[in-house]
Every structure is written in C-alpha cells, then in structure tokens.
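# Secondary and tertiary structure notes
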Amino acid sequence: MTVFSGKGVYGAIAIGKLSIFKKNDTTIKRMHVEDTEAEKARVEAAKTAACEQLQAIYEKALKEVGETNAQIFEIHMMMLEDEDYNESIANIIETQKVNAEYAVAVTADNFAEMFSSMDDAYMQARATDVKDISNRIIANLTGNISGAAASEESMIICADDLAPSETVSLDKDKVLAFVTAHGSSNSHTAILARNMNIPAVIGVGDAFLQAIQNGMEAIVDGFTGEIFVDPDEETKARLLEKQQKDLEQKRLLQELKGKKNITKDGTEIQIYANIGGVDHIGAVLMNDAGGIGLFRSEFLYLENSDYPTEEQQFLAYKRVLESMAGKKVIIRTLDIGADKQVDYFNLKKEDNPAMGYRAIRICLTRPDIFKTQLRALYRASVYGNLGIMFPMITSVSEVQKVLEICKTVREELQAEQIPYAEKIELGIMIETPAAAIISDQLAPLVDFFSVGTNDLTQYTLACDRQNPDIESFCDTHHEAILRLIAWSAKNAHEHGAWIGICGELAADTSLTERFLRMGIDELSVSPTFVLKVRDAVRKVDLRTKEN
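Here goes a summary of the coordinates provided. Since the model is a prediction, treat every value here as computed from it, not as a measurement. (Residues numbered from 1 in each chain as written. Predicted model: local features only at pLDDT ≥ 70, side-chain atom pairs only at ≥ 80, totals over all residues. Heavy atoms only, no water.)

## Concerning the packing of helix α13 (residues 367-380) against helix α14 (residues 396-415)
Relative to each other, α13 and α14 sit at 60°, their axes nearing to 10 Å. Relative to α14, α13 is oriented oblique. Both α13 and α14 take part in a crossing whose hand is right-handed. On α14, the residues that touch Phe370, Lys371, Leu374, Arg375, Tyr378 and Arg379 of α13 are Val402, Ile405, Cys406, Thr408, Val409, Arg410, Glu412 and Leu413. (Axes fitted to C-alpha atoms, helices over the stretch in contact; angles between N-to-C directions. Helix = DSSP H or I, 4+ residues; strand = E, 2+ residues; numbered from the N terminus. Parallel < 35°, antiparallel > 145°, perpendicular 65-115°, else oblique. Left-handed = near helix turned anticlockwise from the far one by under 90°. Contact = heavy atoms within 4.5 Å.)

If you want it as structure tokens, here you go:
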C-alpha cells in the first residue's frame, strides 16, 4: 500500500479503480502554408465547434452546479470572440504564412504570459482561461481530444490538473472522485467538485501520477486529503466503515426536512438559499430552505444580447416570487463588472476590475439601467415577499442616492397607477471593509445587512482567493474578517436592522456557533447545504459559554 497526501476539497470517501485522464498531448509544429485564407477559415470552423462545445458544457453545468458556477463557461465563450485574441491569430497566419495550429498556440502563449505578468490576481487567472480555450481550438483543429479512459464502471479520475470544462464534461455518474497532482482548493475546478458532491483531493504532487496505472485499486479520503493506492485489508475495512458512517450522516440530514432551525436554547435563525436563476427554484424547495437570501439578478443580463427590458425582468421576478409562495425572496440588483463582463455594456478594460467599475457604481452612473430594474422589481413585489439588496456599498452617500432613486421609481409607478407592495425591505451587502466599519451609519438607512464573505475576505486580506500562489495567505477565518462581521451585527441590531450572511462562510459549520453568538439572524447558502447548516444550528446551545 502507498499513501499520498494532498488537500481535500469535498469531504466524502470513494473506493474504486483509478482512471488516468488523458490530456491533449499534441506537439504543435510550425508549417509553412501558401493559402492563408484557408488556414484562417480552419480557425473559424474550430472556434465555431468550440463555441458549440462550450454551450453544451454550460447547459450541463447549469443543471449540475448552478448558474454561478456555470458562468465560467460564458466567460470562455466571450473570450473566443475577443478582438485582440483573434486579430493576433489572423496576423500570425497572414504575416508568417504558418498553419492555424501554430498561430493559435503562439497567441495562447503570448496572451497567457501577458496575463500572468500582471499585478492583478483576477487578470492572472485569465492566463488559465486563455490556455483552456486555445487548447480547445487546437484540439478541434487536430482532432486530439482529452478524456478519461473508457469504462463501464465508475472510476476515480486522476489528472495533472483539470480545467473546469473537463471537470463538467465528465459523466458525473461514472466519477467516484477526482484526484489531481496540482491545483488550488479555491480553483474553479475544486468549487465545481464541491457543488457536484464528488470527493476530491488536489495538490497530491507529480509522484502520484508517476506511481499509478489505470485500473489500480485505491481509496480517496476527501476529509483528510489522503489517497491509499492498493490499500491493505485493514485500511479498506477502516475506510469502508468511515464511508458508511458518512452516508448514514447524510441520510440523517435528510430527516431534518420540515424541522425548525432552532438552537437547543430556543433561538431561531433563518436558513435561506442562494441561487443564480429562476430555473433553480426547485432546488430551493427540495432542500427545504426558508426562502431565498440571494437571488443573483445578473443572469438576465448575461443571457441577453442586449439590455433586458423591464417586461422581461418583471416576468422573471414575478415567477420566482410566485413560486416561493410567500417565502422571503431577496433579489440582489445588477452586479456586473469584475469577472462578469457583458459586451453590450461596453465596459472599458481595467487594470484592477475587482476594485473598478462594477455593481452599484454602474447602477448609480447609469440610472436608466438601474431604474428599469427597480421598476420591474417593484411591479413584481405584489406577487410575493420581496426584499431588494444593493451590492458593493462603501459609503452613506451611495445608500442615500439609491434610496432617492427607489423613491422616484415608486412615485412614477404611483402616477401611472401601477401597483406595488407597500412594504419592501431594502438592504445592502457588507462586502467591503468600508461598509463594515461605518455600519453604524449605514444601519439606520436600511432594513437589513447581508454579508458577502467572499469579497469581504478578498478586500480585507488584499488577496485573491482564486490565486493558488497566495492561497496560504487567504485565511477565511481571519480574526479581522470575523470582527468586521461581529461589528456589523452589533450595529445592525442597535439600529433595528437584521443581518444575514450570504457568502461561502455561511455554509462553514465550524463557524455556525460563533455566528449565532454574534447575533447573525440569517444564513444563506447553496441549496445543498441547507440541511447541513440546519443540523449545526440545532446542536448549538447559546446558554453555555463559548468554547
């Protein structure tokens, strides 16, 4: 038996045979060509095929991992049409009279090097994306496609690393676990594995791939990050027992459906769900969430080729409110920018887009777009229990401007005799340190806060959680982050507002008790985590001293 160690990114046990994922291993040769137009036509055909493939992957991802995680493939489709990228390929073919494969490979290397050398971690991550789409084009040009070894039985997939598209393309029913030699636990692939509920271990090292062969028996422990190759009988028995206990625990969680989110001392907390589109309402209801704590409205903009009309938006909001049958639905206004780019917004390229022109900054400087969304939201409000939440707030003046625009919209609807609900809760996201620090000034202006811990972590620690080189510095449990949340909770309650958490930390059950002791009123998580968080809440006793 040989034991390898990495980092577990989804806690579960998998027992089965190994299957080594075959990567494209194409040697690109520079070849002289006379017919450059034919080569450019080949590129266009390969791009068309790539776009069709990515669309299929996107639709598969929507069903398996939800809108938010599927967005990476929308970004890839947009990158295929990037003007600079395509001009580079065409220029290399035309001026150097070379084959299409070589031109794409050189462009990929040049763009990846350019992105990697940038100071901004978001732009550095685009190096991986440009490599991914370029490899897809080259694979279509050469016919050399990646894939796992064909098998009728479920296997443990092993690879140097997996691109997000490769992860989603695999048949979920045939994958027992993922094991990669490299990668980050905050990478898109790791996040996809977690949302697919598949055991995964990353960063095992090159020695692992050198030591294994297809068909070898192994056990993957996603809890500890260990892989046991050719396990002995004692190890098999021990981990089989651990697997059975884990499965029993998951079964018991299902028995929590219909039960209250109430601590042992009688404190009740709301557990809501985060979703990225109308199509995911079924997952909210199936997992027994009390409502929707974060409905990401930008899907309407990402899926459109032009600004969605007021009527389009109204119908989408109406549908989600009606489907939730009186349960709270908090819809976040447009959060475009940073990693969510939309061509027709004509946003300039920025050196640091995560801190640039995005979210509420776009809404306040393009009030026509903002008012269209607000009109649709207010019109839909009569069909359910609506809350509206504004992202990326940093100042009192921003909130005052938002409230003034909301007032104008209400007055316009009233003048047009269009009904809207009298009471709609208005809230802001606490996702910048600035908002947390002045939360005592912001709380009197709104009905609630919702803490976006992903961005709050990034901005507080000055680190991009997607950047594997600084992963060890991105401590999501950092005391600074927790103090900012606690300070926001204190100020919310002192001024009559309630506070929730809708970022990834909301599902971190190691922090559930601490959040409840802070006075957090609501936790909003991916639908599949609702019952797990409910179980954690029901085990807390706030009458006892904190451990």
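## What to know about the sheet that holds strand β15 (residues 498-501)
Taken in spatial order, the eight strands line up as β9-β10-β11-β12-β13-β14-β15-β16 and close into a barrel, and their pairing is parallel. Going from strand to strand, the sheet's axes swing by 25° on average, the running direction of each strand aside. In the packing of α13 onto the sheet, contacts are made with β11 (328-332), β12 (385-390) and β13 (425-430), and the angle to β12 comes to roughly 160°. Its contacts with the sheet put helix α20 (residues 530-538) on β9 (270-275) and β16 (522-525), and the angle it makes with β9 is roughly 160°. (Pairing = 2+ DSSP bridges.)

## Some words on the nonpolar core
The biggest cluster of nonpolar side chains holds 92 residues, and the ones touching the most others in it are Phe390 and Phe515. Excluding anything up to four places from it in sequence, Phe390 contacts Thr333, Ile360, Phe370, Leu374, Val402, Cys406, Leu426, Gly427, Ile428 and Met429. (Core = buried A, V, L, I, M, F, W, Y, C linked by side-chain atoms within 4.5 Å. Buried < 20%, exposed > 50% of the residue type's maximum accessible area, 1.4 Å probe, protein only.)

## Considering the pairing of β12
Taken across its six residues, β12 has five buried, putting it largely inside the fold. The sheet contact formed by β11 and β12 spans five bridges and is parallel. Its bridge partner lying in β12, Ile331 is registered against Ile388. Both β12 and β13 contribute to a ladder of four bridges, which runs parallel. When the sheet's bridge partners are listed, Ile388 is paired in β13 with Leu426.

## Some remarks on the state of the cysteines
Throughout the structure, instances matching the rule amount to one disulfide. We note that Cys363 lacks a disulfide partner, and the nearest cysteine sulfur, in Cys406, lies 10 Å from it. (Disulfide = S-S within 2.5 Å.)

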